[in-house]
Amino acid sequence: MELTSITGLKGEVSIPGDKSISHRSVMFASLANGMTEIHNFLSGADCLATIDCFRKMGIKIEEHQNRILVHGKGLHGLTAPSETLQVKNSGTTTRLLSGILAGQPFSTSLSGDESLNSRPMKRIIEPLTQMGAHISSLHGNGCAPLVIEPGKLHGIHYTSPVASAQVKSCILLAGLYADGETSVTEPILSRNHTELMLKEFGADIRTVHQLAGSEATSVIQPCPELHGQKITVPGDISSAAYFIAAGLLVPDSEILVKNVGINPTRAGLLKVCEDMGGNITLLNERTEAGEKMADILVRSSQLHGISIHGDIIPTLIDEIPIIAVMAACAEGTTIIRDAQELRVKETDRIETITDNLIAMGCSVLPTEDGMVIKGGEPLKGATIHTLLDHRIAMAFSIAALVADGRTKILDSHCIDVSYPGFYDAFEHLL
């Protein structure tokens, strides 16, 4: 994909369904009794991998134009797959599904693409093993492929060294099959879609907060059954982030981004935009099935650098690539710290962001847990090496819209992982 600078983005855009919530809706629906109807499901490659895995375990899932129908068979209704479950590039599928499979009476193998099979899985292997699961890394390197064999699960209290919704969710899902209470304490509350949705399905689950900004504990009891639901997946704020950034950065722009999930454990991007001087207004705020939603009105703004660190990082970890682009266009210096989790995403995002910003003429210094970005100098067109990371491809597509000259986004097809039709959506704003 080749892009050049533009002005005057105008209009409305509706964002595809939240990737995290779409994954969970299919997983929990498969474990529920009866049919679940899912609207605004994200039909990206990652979420389709989740559907494929559950189909291979005997779940009937119908895909229609505007909805997904999942015919759940209950917590104990999955059947042994006849082959290795392929999770492709989806870390969410791998980690959450591992928690579910730990409670099944059959053996399963999970594997993904080269990138997925290099991502750390010890963070789930260790707590699941403490619960009595038999889970191992096939190559002994703490990564997928994973082999999961039947084991009797016990309730545990696990103190997670990182605030990770995938780790927490994996343990809580295994807790559905344990013989007693299971709880997970995090240093900071990570995104809580699992807790909210499981409660809607009928699970006995709660979160105990300590002091503001400190640790939080999620607690789940063994569950006799879940019940089918009707779910509307809110628009993914991680996908909305690129249109929000475009509205702020592209001169003479005004964009209404509709039906966006603004769950407080995910909405750190909005605070960062406001702190940087962004003109953002929330309209039509509401709550559906426990998830907060709103329409977001964005207008062109002059941004300035800020410091981003601490408790807010888990609420915007997936948005840091686009935040880095915003920082490059802002006046002054932006410092990002406490984001070492970026090192183990689809790519080492600290390195990938840094390399591509430098290629566009930005002064940026990578650190072990973030970066220091000196903004204000005009970006120039460059060849962007995405390394097949969808968020890098989308973030630097926005950078291209305000850069001098022509920008080439290599392997831009990787965007289909989370946002099929991304470029088409921009066409309607021109």
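Residues numbered from 1 in each chain as written. Predicted model: local features only at pLDDT ≥ 70, side-chain atom pairs only at ≥ 80, totals over all residues. Heavy atoms only, no water.

Under an unreviewed UniProt entry, the name given to the protein is 3-phosphoshikimate 1-carboxyvinyltransferase, and the source organism is Mediterraneibacter gnavus. The record held by UniProt for the protein lists under Subcellular location (unreviewed entry) the comment "Cytoplasm". The record held by UniProt for the protein lists under Subunit (unreviewed entry) the comment "Monomer." (UniProt positions renumbered as here; feature names shortened; annotations may be inferred.)

So, about the pairing of strand E13 (residues 216-220). Counting buried positions over the 5 residues of E13 gives 5, a clear majority of the element. The side-chain alternation of E13 yields two buried faces, one formed by Ala216, Ser218 and Ile220 and the other by Thr217 and Val219. Note: strand E11 (residues 182-186) against E13, 5 bridges, orientation antiparallel. Its bridge partner being in E13, Ser183 is matched across the sheet by Val219. Bridging between strand E12 (residues 205-209) and E13 involves 5 bridges; their strand directions are antiparallel. The residue bridging Ile205 from the neighbouring strand is Ile220, located in E13. (Buried < 20%, exposed > 50% of the residue type's maximum accessible area, 1.4 Å probe, protein only. Helix = DSSP H or I, 4+ residues; strand = E, 2+ residues; numbered from the N terminus. Pairing = 2+ DSSP bridges.)

Next up on the list: the UniProt feature "active site" (unreviewed entry) in the protein. Mapped onto this numbering, the UniProt entry gives "active site" (unreviewed entry) at Asp318. Tracing the chain through its elements places Asp318 in the loop between strand E18 (307-308) and helix H9 (320-329). Classification of Asp318 by relative accessible area gives buried; the value is 9%. Apart from the residues within four sequence positions on either side, Asp318 is in contact with Arg191, Ser238, Lys345, Arg349 and Arg391. A polar contact is formed between the side chain of Asp318 and the side chain of Arg191, at a distance of 3.3 Å. (Contact = heavy atoms within 4.5 Å. Polar contact = N/O pair within 3.5 Å; in protein donor to acceptor, adjacent residues only side chain to side chain.)

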